[in-house]
Amino acid sequence: MEAPAAGKFVVVGGGIAGVTCAEQLAIHFPSEEILLVTASPVIKAVTNFKQVSKVLEEFDVEEQPSTMLENRFPNIKVIECGVKQLKSEEHCVLTEDGIQLVYKKLCLCAGAKPKLIYEGNPYVLGIRDTDSAQEFQKQLTKAKRIMIIGNGGIALELAYEIEGCEVIWAIKDKAIGNTFFDAGAAEFLTSKLIAEKPETKIAHKRTRYTTEGKKKEAGTKVNAGNIGSALGPDWHEGLNLKGTKEFSHKVHIETMCEVKNVYLQQEFRLSKKKSLTFPRDYHNQPVTTDEELWPVYVELTNEKIYGCDFIVSATGVTPNIEPFLCGNNFEVGEDGGLKVDDHMHTSLPDIYAAGDICTASWQPSPLWQQMRLWTQARQMGWYAAKCMAAATLGDSVDMDFSFELFAHVTKFFNYKVVLLGKYNAQNLGSDHELMLRCTKGQEYIKVVMQDGRMMGAVLIGETNLEETFENLILNQMNLSSYGEDLLDPNIDIEDYFD
Ligand SMILES: Cc1cc2nc3c(=O)[nH]c(=O)nc-3n(C[C@H](O)[C@H](O)[C@H](O)COP(=O)(O)OP(=O)(O)OC[C@H]3O[C@@H](n4cnc5c(N)ncnc54)[C@H](O)[C@@H]3O)c2cc1C
Ligand SMILES: NC(=O)C1=CN([C@@H]2O[C@H](COP(=O)(O)OP(=O)(O)OC[C@H]3O[C@@H](n4cnc5c(N)ncnc54)[C@H](OP(=O)(O)O)[C@@H]3O)[C@@H](O)[C@H]2O)C=CC1
């Protein structure tokens, strides 16, 4: 066995991945000091963790001052400072304060930042951390109309949550929510967008700490930087997402289009592009007809032009590898993440990575795929620590069970949403079948079958089927003989497979 290298265990990033990794290292090595270096003044801690079933998990996330983490784990020392540079050949990281930290093993958990369209345009906002969410809320209180670009998690949440402000939602696809749903599920959810929302704002549950000193006006630069940790479940609860008007929902969806150009007011007036489009609601009624002046105008590839107060670019994330990792020869995935193997190890010696910053580059289980989600950040941080410990002690370690089956529980449009395995038949080719059960306004269940085996499922609403389906997907039992009984509401499927 090689003698352990000099230096400490160092973890970079105070989000879910970094904090979970540091906590696990602290448990594995109680007599060693674990250094957590983070650019944010608060850390994200997992609380109320509940293993709902074999793979499904639920937990809350709290922003906490770093001293709370140090109190819970006296052998963790948090250094509140950004890392300026990694010098992998010298096994050390240099902080913005000029401190040089020599590591024996390093885990990079610096997360990701919003991949903004028209980055740098002062009317384009991204939402990533508490500060950018609050900035968004502040701008919304003055807004009559905003434009949302993107069709993933953030766009879905905003389209449903925003009140008192017209929303023009421009998507590349035919249906909403392409990162999570197929057209059927999208249609099921879309009906919720037109219905009046009940007045059931859930109370703000968690303590939040904010970074002061970043007050900005629309028109000054309001992009989300890369300093804070990413938001997650509940981020909009407690934020009053209300514009200047009295109505609740007015969402107009422009499908199959992208942004062609963005004009500031002055540019727009000078240009010849005067044919403004007036958004229409679901009943095809114009939501507004007054041709007022807007701070910014968006021209779409379908030739329509909308004026609005500002644009939310909810167009995904890009891993945070610049500038502090420049000059190191990491292998990087197509999505810009640090490639990690099945031990969360990057391509450079003694450097691991976990969470949004990394790209899973091992041969995955046929039922798992990477998505940049809170649950995966926790699981990766936990498993990275286990691998770092095993490598240090010369032990072997098996792939963690959580990477066997993709599982995500969340909430969209106030419905519980459970996604399991290849829920959208990802990479299954064309020889798969779908089974559906849908009760409008109540539940939507889709099961993906291949060769008689269940490969994935989408469960929207209180279906109570997640545990049974999780088992059926995991055990890959041949279900051909059950046929459509699988989704028959009159058959208690749980009893069937007991
Ligand atoms: C609005 C929003 C809603 C979301 N909702 C959900 C949801 O409902 N469910 C879900 O599963 N996921 C959700 N996500 C995704 C989830 O939040 C992320 O996948 C997850 O938090 C990533 O965790 P992480 O630890 O990898 O990165 P982050 O949380 O981004 O943490 C990165 C950390 O690294 C630090 N850092 C960055 N650069 C440096 C540097 N140079 N030096 C030192 N420190 C540095 C940062 O300060 C931060 O502490 C949401 C994301 C957003 C933005
Ligand atoms: N409840 C939950 O689980 C939530 C999870 N999140 C997570 O937070 C992170 C950030 O969310 P979000 O920003 O919504 O990212 P997502 O990755 O979820 O979605 C990005 C969306 O933007 C589209 N897109 C990308 N580039 C463009 C472009 N140039 N023009 C128009 N559309 C574009 C993508 O389309 P395409 O796929 O075709 O590229 C996709 O629909 C994600 O990791 C997400 O999973 C966020 C909110 C809620």
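Residues numbered from 1 in each chain as written. Chains lettered and ligands numbered in written order. Predicted model: local features only at pLDDT ≥ 70, side-chain atom pairs only at ≥ 80, totals over all residues. Heavy atoms only, no water.

This is how the line gets drawn: UniProt positions are given in the numbering used here, feature names are shortened, and annotations may be inferred rather than shown by experiment.
The protein chain has the name Pyridine nucleotide-disulfide oxidoreductase domain-containing protein 1 in an unreviewed UniProt entry, where Molossus molossus is given as its organism. The record in UniProt for the protein chain states the following under Sequence similarities (unreviewed entry): "Belongs to the class-I pyridine nucleotide-disulfide oxidoreductase family. PYROXD1 subfamily." One UniProt comment on the protein chain, placed under Cofactor (unreviewed entry), says "FAD".

## What to know about helix 3 (residues 130–140)
Filter applied, for reference: The buried label applies to any residue whose accessible area, calculated with a 1.4 Å probe on protein chains only, is under 20% of its type's maximum; exposed applies above 50%, and partly exposed to all values in between. To qualify as a helix, a DSSP run of H or I must reach at least 4 residues; to qualify as a strand, a run of E must reach at least 2; elements of each kind are numbered from the N terminus. Two residues form a contact once any of their heavy atoms are found within 4.5 Å.
Along helix 3, nine of the eleven residues are buried, which leaves the element largely enclosed by surrounding structure. Those residues of helix 3 that sit buried are Thr130, Asp131, Ser132, Ala133, Glu135, Phe136, Gln137, Gln139 and Leu140. Lining the buried residues of helix 3 we find strand 4 (57–65), strand 10 (124–125), strand 11 (145–149), helix 4 (153–161) and strand 17 (310–313).

## Quick notes on the site of ligand 2
Put simply, the rule is: Throughout, near means a residue has at least one heavy atom within 4 Å of the molecule or strand. For this analysis, a polar contact is any N or O atom pair within 3.5 Å, provided that within protein one partner can donate a hydrogen and the other can accept it, and provided that sequence-adjacent residues contribute only side-chain to side-chain pairs. Areas reported as accessible are Shrake-Rupley estimates using a 1.4 Å probe. Residue values count occlusion only from the protein chains shown.
Neighbouring ligand 2 are 21 residues; Ile154, Asn178, Arg372, His408 and Thr410 lie closest to it. Measuring from an oxygen atom of ligand 2, one finds a backbone N or O atom of asparagine 151 at 3.1 Å. Take arginine 372: an N or O atom from its main chain is 2.7 Å from an oxygen atom of ligand 2. Expressed as a share of its isolated accessible area of 900 Å², the protein-covered part of ligand 2 is 76%.

## Structural notes on the pattern of salt bridges
Keep this limit in mind: Here a salt bridge means any side-chain nitrogen of Lys or Arg lying within 4 Å of a carboxyl oxygen belonging to Asp or Glu.
As enumerated under the stated definition, the model contains 16 salt bridges in all. A salt bridge links glutamate 23 to arginine 72; the shortest N-O distance between them is 3.0 Å. Taken together, the residues span a long stretch of sequence, with glutamate 23 in helix 1 (residues 16–28) and arginine 72 in helix 2 (residues 66–72) at a distance of 49 residues. Assessed through its relative accessible area of 39%, arginine 72 is described here as partly exposed.

## Topic: helix 4
By the criterion of burial, helix 4 is predominantly enclosed, with seven of the nine residues buried. Among the residues making up helix 4, those that are buried are Ala155, Leu156, Glu157, Leu158, Ala159, Tyr160 and Glu161.

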